[in-house]
Amino acid sequence: MLLRSLCLLAFLIAVVAQPVTADEPKGKDVLKAKPNRLAKESSPYLLQHATNPVDWYPWGQEAFDRAKKEKKLVFLSIGYSSCHWCHVMERESFSNAAIAKIMNDNFVCIKVDREERPDVDDIYMTALNVTGQQGGWPLTMILTADGKPIFGGTYFPPEDKKVGDDTAPGMKSILATVIDLDKKSHDELVKQADHVAKLTADALDRNSRLLALVKLDRELLDGAADAFDIDPEHGGTGSKARMFKGTKFPRPPVWQFLLSQSKRKGKDELAKHVHLTLNKMAEGGIYDHLGGGFHRYSTERTWTVPHFEKMLYDNAQLVELYSDAYAITRDPVYKRVVAETLAFMKREMTSPEGGFYSALDADSNHKEGEFYVWTGDEIKKILGNDADTTFFRAVYGVTAPNFEEKFHILRLPKPLAEIAKDQKLTEAELLAKLEPLKQKLFAERAKRERPFLDTKVICAWNGQMIAGYARAGQVSGDKDYILAASTAADFILAKMRDKDGRLFRLYAAVPGEKPMARGAAFLDDYAYLVHGLLNLHDATGDKKWLDAAKLLTDLAIKFHGDGEKGGYFFTSSDGEKLFARAKDGYDGVQPSGNSQITRNLLRLAVKTKDAEYRTRAEKTINSFSLALRTNPGSLPGMALCLEEFLATGGSDTPSTKVDPPKSPKESADVVTAKLLIGDVADGKRTVALTLTVADGWHIYANPVGSDELLESQTRVTVFVDGKEVKAEIAYPKGKSITDSAGAKYGIYEGATTITTTVMAGKDAAVEARVKVIACKDGKCLLPSTIKVK
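Trainee: Summarise the pattern of salt bridges; cite the residues concerned and give the values.
Mentor: Within the structure shown, the criterion is met by 48 salt bridges. Between Glu159 and Lys172 there is a salt bridge whose closest N-O contact spans 2.9 Å. Within this pair, whereas Glu159 is found in the loop between strand 5 (149-153) and strand 6 (161-163), its partner Lys172 is found in helix 7 (residues 171-184), the two being separated by 13 residues in sequence. When its relative accessible area of 36% is taken as the criterion, Glu159 is described as partly exposed. Owing to a relative accessible area of 28%, Lys172 belongs among the partly exposed residues under this scheme. The shortest N-O distance in the salt bridge between Arg505 and Asp525 comes to 2.9 Å. Linking Arg505 in strand 16 (residues 504-508) with Asp525 in helix 20 (residues 523-540), this pair joins segments that are 20 residues apart in sequence. Here Arg505 and Asp525 have matching classes, each one buried. Three or more residues joined by partner-sharing salt bridges are found here, namely Arg37, Asp55, Arg66, Glu70 and Lys72.

Set out below in structure tokens:
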């Protein structure tokens, strides 16, 4: 009976994937609730769901622990920020109060950004495929409390719909069916999940034996460097199509890679963008101008209004990044940012034992940012002297309020050198005059209700802070920085290892008890700590740091490594895990464990002269080479590994060829491009790019006609002799359609030709790159950038 029910449900799910008409949810059905757990995440896609009435969890053990405790199934939803049908489902179902209540009462709900966790996405997309369904996004899966997949689908409308002679069930009906099956046939449901899990694990094992035919060469590296849209006015990355509006994260792995790339010959423009970004962040409200250190991210384009939380991992990586930038430029701004941030770390984030605490909350008295912001009257009262007040307001641009219409977030309205010139002072004179005024406000701020301090010592994040301190000490020559790094490293190695030398994840106290090490370490704990130890070895030359780095790396290889196929699993081979082990590859606000350990291996190969480390690094880069080609913006850390691999003698060799996929996964699987370049006329050449989209699929027109789909619209860039050129692109008008939520937009189907004219001589090499997202029947494939010459 259960199998028949599941088969019927799977059939109806396949039916529901066909285009249907739905009404836009209105009135009391739509609910934007107070922020849920996703409000603390960094993913733009997760943040889009932060005010859903659904009680979302991010991916993590907490959600599964609750599911086990409450004996509930898990509702898993996976998508990405530019996926059209993900947005439709968010509006129709996840903002629907009635549907949210059903989900919250009967499931533990998890939302995943597939660009952050491609490993998780790969597992459950494979699970969907082995049940005979073609995948796409949004991906919806029902899981047991231990994460095993029962069944799933893609887009579901909120209500049942008549499709031909069948009735396609909507979200409410599907959820009701699942709830009923769970109550009446739970044990059989678990058996079904075990069966699907075994099929999935077998399929993943087969897939991982095959690697893509991708050359590890400079072309792959250049593609990664070109993958980021950089705001030319305020720095940072974002959506060029949206004029860079919206949230901005520092995302240090991106800037570490681009800073390294900017040192190459012919990369002057990239260097300008990198240093623009570093300076704008240091000038903005995301930087704490009184106390030092960076807040978590900016809520808007100009870095003015942050989310006020301060995270150890952000500040650790930014200290290292600004130290690297200072080593190249000797810009005093970078040196000052490092010094002020490390002063903050020493004052507020360092434990008595020398380890580093994990975070400072954003709120005081349950109000976001209250600890950090000022009214004009407060500033005047504290500084007293009118001349001092006028000077201070001029330096920090304290004019109209920039937060909640009455408060001021301190920020530099322009570079310090220009402000000094306006004040007829040198920079040194301006800073000297400013310092006592800052101290007055800092002292007054210290009397306020302080944000909550999370005193957990997390091994991985401490490794990053050790790396930052050590690099700052190496670049500046400040021995106190190196001492802080050494003290923390000694603490971790002494207090956070077991008798076999393996790491613990945390050093923390249960209320009423003394702190102690607890929790098995993950891959990032080993990778980040080794990175810190290698930086300490660079700074001191002390062999004990190299020996410790080697020992921990060998343990990571033993318990996390995939010796056969390359890459490293997030969990250890003898630890608690899902039915299939995941290899994280996404470099978000932190590098993935795979990127960091690969870079460590390359450094160890040089330091120890052990070629085996280099061989393991190459194997890992190869295992992620297809992702580097198709989605380089997600792997800047691995791109940095590729750069260092090639710089130290790497050969331009491809890995083993893979058979073409049985079902399309990325948009390039269903879109082909052909380039026709005309003869030279008056120093110009016409360029015609013809895109052919497979039957049944469409890509998004330009202009697309919908603000929500700006990032999804087709976009062409042209390069002449390797450099991007400005060109007026002539996009044809798209076919106008209306989706099930009532949104109107334009698409391209079949063959579409896009034209332009560029300045190019007879022998010039002309290349076109087109970014496309292909969708059909309520699901979308991954974005692709197709290059043609």
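More follows now that the structure is in view.
Trainee: Explain the pairing of strand 3 (residues 107-113) to me, and be specific about the residues and the numbers.
Mentor: Among the 7 residues in strand 3, 7 count as buried, and that is most of the element. Burial along strand 3 is two-sided: Phe107, Cys109, Lys111 and Asp113 and Val108, Ile110 and Val112, pointing in opposite directions, are all buried. Pairing geometry for strand 1 (residues 56-58) and strand 3, over 3 bridges, is parallel. Counted as the bridge partner of Pro58 is Lys111 from strand 3. The pairing of strand 2 (residues 73-79) with strand 3 spans 7 bridges and is classified as parallel. Its bridge partner being in strand 3, Gly79 is matched across the sheet by Asp113.

Trainee: Before we move on, could you go through the nonpolar core and cite the residues and values that matter?
Mentor: Residues Leu258 and Tyr322 are the most contacted members of the largest nonpolar core, which totals 117 residues. Among all residues touching Tyr322, those that are not within four sequence positions of it are Leu278, Met281, Ala282, Phe294, Tyr334, Val337 and Val338. In this structure, Tyr57, Phe151, Ile179 and Ala582 belong to the second largest nonpolar core, which totals 70 residues.

Trainee: Hey, could you go over the sheet that holds strand 15 (residues 457-458) for me, with residue numbers and the actual values?
Mentor: Taken together, the 3 strands give an open sheet; going across it, the order is 15-16-17, and neighbouring strands pair in antiparallel fashion. Strands at the two margins of the open sheet, each flanked by one partner only, are strand 15 and strand 17 (516-520). By the bridge criterion, 4 bridges tie strand 16 to strand 17 in an arrangement that is antiparallel. Across the sheet, the residue bridging to Phe504 is Ala520, located in strand 17.

Trainee: Can you explain the environment of Tyr613? Please cite residues and give values.
Mentor: As for its position among the elements, Tyr613 is in helix 23 (residues 611-623). For Tyr613, a relative accessible area of 3% corresponds to the buried category. If we ignore the near neighbours within four places in the chain, the residues touching Tyr613 are Lys550, Thr553, Asp554, Ile557, Leu601, Leu604, Ala605 and Thr608.

Trainee: Can you explain helix 3 (residues 61-70)? Please cite residues and give values.
Mentor: One full turn of an α-helix is made of 3.6 residues, so residues set three or four places apart face in the same direction. For helix 3, the complete set of buried residues consists of Ala63, Phe64, Arg66 and Ala67. An end-on view of helix 3 places all buried positions within 155 degrees of arc, on one side of the element. Helix 3 presents Glu62 and Lys69 as exposed residues on the side facing more than 90 degrees away from its buried surface. Elements in contact with the buried residues of helix 3: strand 1, strand 2, strand 3 and strand 4 (139-143). With its phi angle positive at about 55 degrees, Lys71 sits one or two positions after the end of helix 3.

Trainee: So, the confidence of the model for the chain: which residues are in play, and what are the values?
Mentor: Scored by pLDDT, the chain has a mean of 89; 92% of the residues are at 70 or more. Here residues 11-30 is modelled with pLDDT under 50, and outside its nearest four sequence neighbours on either side it reaches 43 contacts, counting other chains as well.

Trainee: Which residues make up the state of the cysteines, and what are the values?
Mentor: Across all of its chains, the model carries 2 disulfides by this definition. Across the disulfide from Cys83 sits Cys86; the S-S distance is 2.4 Å. Every disulfide takes its handedness from the sign of the S-S torsion; for Cys83 and Cys86 that torsion is 80 degrees, giving right-handed. Under the relative-accessibility criterion, Cys83 is labelled buried at 0%. Residue classification places Cys86 among the buried residues on the basis of a relative accessible area of 1%. Shown here is the disulfide that connects Cys775 with Cys780, its sulfur atoms set 2.2 Å apart. One quick way to see it: the torsion about the S-S bond of Cys775 and Cys780 is about 105 degrees, and its sign makes the bridge right-handed. Looking at Cys775, the relative accessible area reads 0%, which means it is buried.

Cut-off values and rules
- Residues numbered from 1 in each chain as written.
- Predicted model: local features only at pLDDT ≥ 70, side-chain atom pairs only at ≥ 80, totals over all residues.
- Heavy atoms only, no water.
- Salt bridge = Lys/Arg side-chain N within 4 Å of Asp/Glu carboxyl O.
- Helix = DSSP H or I, 4+ residues; strand = E, 2+ residues; numbered from the N terminus.
- Buried < 20%, exposed > 50% of the residue type's maximum accessible area, 1.4 Å probe, protein only.
- Pairing = 2+ DSSP bridges.
- Core = buried A, V, L, I, M, F, W, Y, C linked by side-chain atoms within 4.5 Å.
- Contact = heavy atoms within 4.5 Å.
- Arc of directions from axis to C-beta.
- pLDDT = per-residue confidence, 0-100.
- Disulfide = S-S within 2.5 Å.

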